[in-house]
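Fold and contact review
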Amino acid sequence: MRLLPLLLAFFGWSAVALAGAPVSLNRASKADLAAIDGVGDATAGQVVALRASRGGLGSVEALRVLNLPEATLDALRANTYVEAAVRKDPARAYANAGEVLAEFSAEPDVRAVQAMAMDYAKANPERVAGWLSTARTAFLLPRLDLKYQKNFDYSEDFRYEPDDAGDLTRTPYSEDGSNDDLYEVKLQWRLDKLVMSSELIRVINEAQDIVKLRDKVLDEVTRLYFDRRRLQVDLLLNPPADLKGQLESELRLLELTAGIDALTGGAFSAGLPATRP
Amino acid sequence: MPAVRWLCSWMVCVVALCAAGAARAQDPLPGEAIELVGAPPPPYAAGHRWLRAGVSEPVYGVVESDRALVVLKADGTVLRGGPAGWRVALPLDVEAGPDLSDEESLLLEVEASVEDFSDPVDAPDDPDTIVDVDVADALEAGLLDAVEWVGADGAPLARGIWSLPGGLVIVSRSDGVWSSSDGGRSFTPQPLLPAVHAIAALPGPTYIAATVEGVRHSSDGRFWLQVESPLDGHVIYDLAKVGDAVLAATDAGLFRSDDGLRWEPLEPEGYEGQPVFALAPDPFWPGGAWVALAERVVRTDDGGLTLRADSRVPLYGVRSLRAPTLPGRVLAAGDDGVWESADGGVTWKPLSDGLPGPKQRQILLREDGSAWLAGAYGVWRAERVVGPVSFDGAAAAAAPESLPPLGVVVDASLRRAGVSYDPLLIQRRLVRSLYTPRVDVRAQLQRERQRLSNFPAILTTDTDREVVAYELRLCFGRCGGTDGQVSFDDPDAASFGEGDIFVVGDEAFSGADQGNIAASAANVSERLAAQRKAAADAVSDLYVTRIRLVDERAGVRDLPLRDQVLHEIDILEATARLDAWSDGLFSRTLLAGSTGKEP
């Protein structure tokens, strides 16, 4: 497989990047990347290392595996570009559809991609089941109230009587003191809430939203996956004859790959063969 | 016996040549336009039925662009995809839309009958009363079989979708006209183009649009110029290139133009000024076309100069005519269902097997020869019937793979975490919870120490006392109140004040509902029921689609390898979607069938 990289003309060919000009995500040095506002040395190092391990990056979305903050991804999106490459695959004869599809056997299959998307969206069925189970069993534990109460009471009575000089003098008469301690343990089992509770209903409500999100994510990632596969088949069996058509197809392939990466947190590109960005 | 074999082969050739010659002699069409290779495929009416294609809401139209279907729903949403899955390409509420107020006033004129109304209170006394309801109400009340595609003022709605060469797709809906240059994947507004009734593409390329403000002309489908013509002020229902000219079907009859710029009315004898609703050029006869009038489909052989009624059978309310690339074949769809003629329009047969009702709007003939239908009941595809049609058992059993029964897959989709709760179960549990007690166990130890001194009597009394109390309390229902020093308060009751508003799901409840979770449970149950129904519908559609795709495998083996691969990808996509809905059960069952192991 031979790649003829074609730089997009509007990004310019100047070898010396002007200040603020976009740099190539695949060719920029660590220093170039670190110079981007909001990126920094450590992130630039991570990007260069990932790029080297993969043989190239298809889009900024592929960097999601590094768990970079969205602001950093935004900075990279705004200040980098990716070269489109036109592939010149040697013509090969295929006997049947199975042989054609086997060309892509090194890539993650659709079920793996669906799992990646669910993981990234945190919408796995297990997570939802866990919520529901927790909401159901939480009321097995009793509500525990511990109470300690200290009552201290003291009172003195005095008697005022005139002395010989006729002045009033105060004489203690009695005193009354109490020092009480109250300890209380209260356990409360809401057995009715084991059967059905407002908390469980709220969790079911939340679970419905999660399922909706999961269905939406799975629908979108499945569509992108097979749109990409159809395009790959077209490029293999019926490649555009003109350069413009080839470039458009390659750009569309990058776009679809980036779309899947956005939904899988870059895990899709991480699972692709290292030679193909 | 080489001599006998040689003689036989010559006899076969002679018979074949005679048959071809006879066919040419009987055929009234230009011989050079027809290639007689084998027997023509049977008409759709002979052995086809309609199957739902994943969109069940009313749609204005369906087109093919870049190998995918693009659909305009009656609510304005544009979908792209196919039976294996649809994606929203243009939502209804796009901010860039100039005005959405029209959508709110979009009215469908409904011929309602008493039994159509779910609520008898709303039913008119006279069964023939014409009432206006909005789209949502019409959908809810199940009045789809009576939908008329007209606006509140009775004029035809300028709504539709058109696919033009180069991946160009144009949509006309309530908030204006939108165009796509990438096969319907994304759309941008077309402020220069008023609402469109019809669009035609001419060689050049040149595009002609019939709008509510007259004819527009474009060379690229993006920039449109107004053309003054006698068509201004008329409703143009259809445009079609017939021979070297383009014909316009209008409420004032046929108009003709050679370049889309200069138009002249046609006055065919006997049909002067009669409204024309649809056109279908005859691909085998330059200048030939079928023309849909209000009550009949007629024929022209000379570009509309003369019209001829070949059939005595009336066809009412035809809105779409299409002629497949098969001699003499023509399809008609409209208010009276779908009809097909295999003899150039002389006789017509109904093609309605499988359809829930007659109101249709558009036929699409795809490049692969399949026929698709758009109308009040969504999008449908004509499927070839092989033996008795059954998609829930027989077809699955006949399939070579170990297909799980549809019921099992649907059940798996309903057992997924988050949708597995039976809505009725929630209500039942709620009632049961009212009869389940709250258990309070209380243990209390109180130590009292008291000293009492009386100085005159020089008497001091010390009291030291311990009190231990245990309590077991069962409480049903709401358990508020206090008991001595221990407060048995109800946490639910404490959560909301009388004047508070709290929101559960899509509904708001007042604080007066405090402690009563019935309202929120009812709301959740309703959402859950809708979610489960949507899951079951989606799985059923995908299941049937996948069976069809697998069934068609043998048919695509004669196609180029690329088409075979794309067909396999369609099957893989349907399988992946079924797996997504069933948490992988579908593939696990298939795999178990092939390996003999339990899933």
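Report follows, based on the coordinates. (Residues numbered from 1 in each chain as written. Chains lettered and ligands numbered in written order. Predicted model: local features only at pLDDT ≥ 70, side-chain atom pairs only at ≥ 80, totals over all residues.)

Thoughts on the pairing of strand 2 (residues 59-65) of chain B
The line we're drawing: Around each residue's C-beta, the other C-beta atoms within 10 Å are counted; 20 or more make the residue buried, 12 or fewer make it exposed, and counts in between make it partly exposed. All C-beta atoms are placed from the backbone. Numbering goes from the N terminus for both helices and strands, where a helix is a DSSP run of H or I of at least four residues and a strand is a run of E of at least two. DSSP bridges decide pairing: two strands pair if at least two such bridges lie between them.
By the criterion of burial, strand 2 of chain B is predominantly enclosed, with 7 of the 7 residues buried. Counting the residues in the hairpin turn of strand 2 of chain B and strand 3 (residues 68-73) of chain B gives 2 residues, including Asp66(B), whose phi is positive at 55°.

Things to note about unusual backbone geometry
Despite not being glycine, Asn67(A) shows a phi value in the positive range, around 55°. The class for Asn67(A) is exposed, based on 9 C-beta atoms found within 10 Å. Its identity is not glycine, yet Asp583(B) carries a phi of approximately 55°, on the positive side. Mapped onto the fold, Asp583(B) is located in the loop between helix 10 (561-582) and helix 11 (585-595).

Digging into the interface of chain A and chain B
To keep things clear, this is the line we draw: By the convention adopted here, residues are in contact when the distance between their C-beta atoms, placed from the backbone, does not exceed 7 Å. Residues are grouped as follows: nonpolar covers Ala, Val, Leu, Ile, Met, Phe, Trp, Tyr, Cys and Pro; charged covers Asp, Glu, Lys and Arg; every other residue, Gly included, is treated as polar.
Taken together, the contact pairs 52 residues of chain A with 58 residues of chain B. Secondary-structure elements contributing two or more residues to the side of chain A that touches chain B are helix 4 (97-102), helix 5 (110-121), helix 6 (125-137), strand 6 (168-190), helix 7 (191-195) and helix 8 (198-237) of chain A. Element by element, the count of residues in the side of chain A that touches chain B is highest for strand 6 of chain A, at 19 residues. In the side of chain A that touches chain B, the residues fall into 28 nonpolar, 11 polar and 13 charged.

As for the nonpolar core
Residue and element names in this part refer to chain B. Selection criterion: A set of buried residues drawn from Ala, Val, Leu, Ile, Met, Phe, Trp, Tyr and Cys, joined through C-beta atoms within 7 Å, is what defines a nonpolar core.
Ranked by size, the top nonpolar core spans 90 residues in total, and within it Val-71, Val-171, Ile-199, Val-291, Ala-292, Leu-321 and Ala-332 carry the most contacts. Tallying contributions element by element places strand 12 (residues 196-202) first for this core, with 5 residues. Not counting residues within four places of it along the chain, the set of residues in contact with Ala-332 comprises Ala-292, Val-297, Leu-315, Val-318, Leu-321 and Trp-339.

Here we look at the packing of helix 5 of chain A against helix 10 of chain B
Axes are the key here: two packed helices are described by the angle between their axes and the distance separating the axes. Under the convention used in this document: Every angle, taken between N-to-C directions, lies between 0 and 180 degrees, and every axis is a line fitted to C-alpha atoms, over only the stretch in contact when it is a helix. An angle below 35 degrees is read as roughly parallel, one above 145 as roughly antiparallel, one from 65 to 115 as roughly perpendicular, and any other as oblique. Rotating anticlockwise by less than a right angle from the far helix to the near helix defines a left-handed crossing, while the corresponding clockwise rotation defines a right-handed one.
As a packed pair, helix 5 of chain A and helix 10 of chain B sit with axes 10 Å apart at the nearest point and diverge in direction by 40°. Relative to helix 10 of chain B, the element helix 5 of chain A lies oblique. Where helix 5 of chain A crosses over helix 10 of chain B, the two elements pack in a sense that is right-handed. Where helix 5 of chain A approaches helix 10 of chain B, its residues Val110(A), Arg111(A) and Gln114(A) are matched on the opposing element by Leu572(B), Ala576(B), Asp579(B) and Ala580(B). Partitioning the contact of helix 5 of chain A with helix 10 of chain B into residue classes produces 4 nonpolar, 1 polar and 2 charged.

Some remarks on helix 3 (residues 70-79) of chain A
Residues and elements named next belong to chain A. Keep this limit in mind: Directions drawn from the helix axis to the C-beta atoms are what define this arc.
Residues Leu-73, Ala-75, Leu-76 and Asn-79 constitute the buried set of helix 3. End-on view of helix 3: buried residues confined to an arc of 160°, all on one side of the axis. In helix 3, those exposed residues whose orientation departs by more than 90 degrees from the buried face are Glu-70 and Ala-71. Where helix 3 is buried, its residues contact strand 2 (23-24) and strand 3 (80-81).

Examining the environment of Thr137(A)
Residue and element names in this part refer to chain A. With respect to the element layout, Thr-137 can be found in helix 6. Using a count of 10 C-beta atoms within 10 Å as the deciding quantity, one classes Thr-137 as exposed. Through-space distance from the C-alpha of Thr-137 to that of Lys-193 is 9.3 Å; in sequence the pair is 56 residues apart.

Thoughts on the sheet that holds strand 16 (residues 236-242) of chain B
All names here are of chain B. Taking strand neighbours across the sheet as the criterion, the 4 strands line up as 16-17-18-19 in an open arrangement whose pairing is antiparallel. Each edge of the open sheet is held by one strand with a lone partner, namely strand 16 and strand 19 (263-265). Taken pair by pair, the neighbouring strands of this sheet meet at an average axis angle of 25°, ignoring direction. In terms of strand pairing, strand 18 (residues 253-257) meets strand 19 through 3 bridges, oriented antiparallel.

Some remarks on the environment of Ala201(B)
Residue and element names in this part refer to chain B. Inspection of the secondary structure assignment puts Ala-201 in strand 12. When the C-alpha atoms of Ala-201 and Ser-219 are compared, they prove to be 9.6 Å apart, with 18 residues separating the residues in sequence. Sequence-distant contacts of Ala-201, defined by excluding residues within four places in its chain, comprise Leu-164, Pro-165 and Tyr-207.

Focus on the sheet that holds strand 25 (residues 337-341) of chain B
Residues and elements named next belong to chain B. On the basis of which strands lie adjacent, the open sheet formed by 4 strands has the order 23-24-25-26 and antiparallel pairing. Among the strands making up the open sheet, the edge pair consists of strand 23 (318-322) and strand 26 (349-350). Two strands pair when backbone bridges link them, and strand 24 (residues 330-334) and strand 25 are joined in this way by 5 bridges, in the antiparallel orientation. The residue bridging Gly-334 from the neighbouring strand is Gly-337, located in strand 25.

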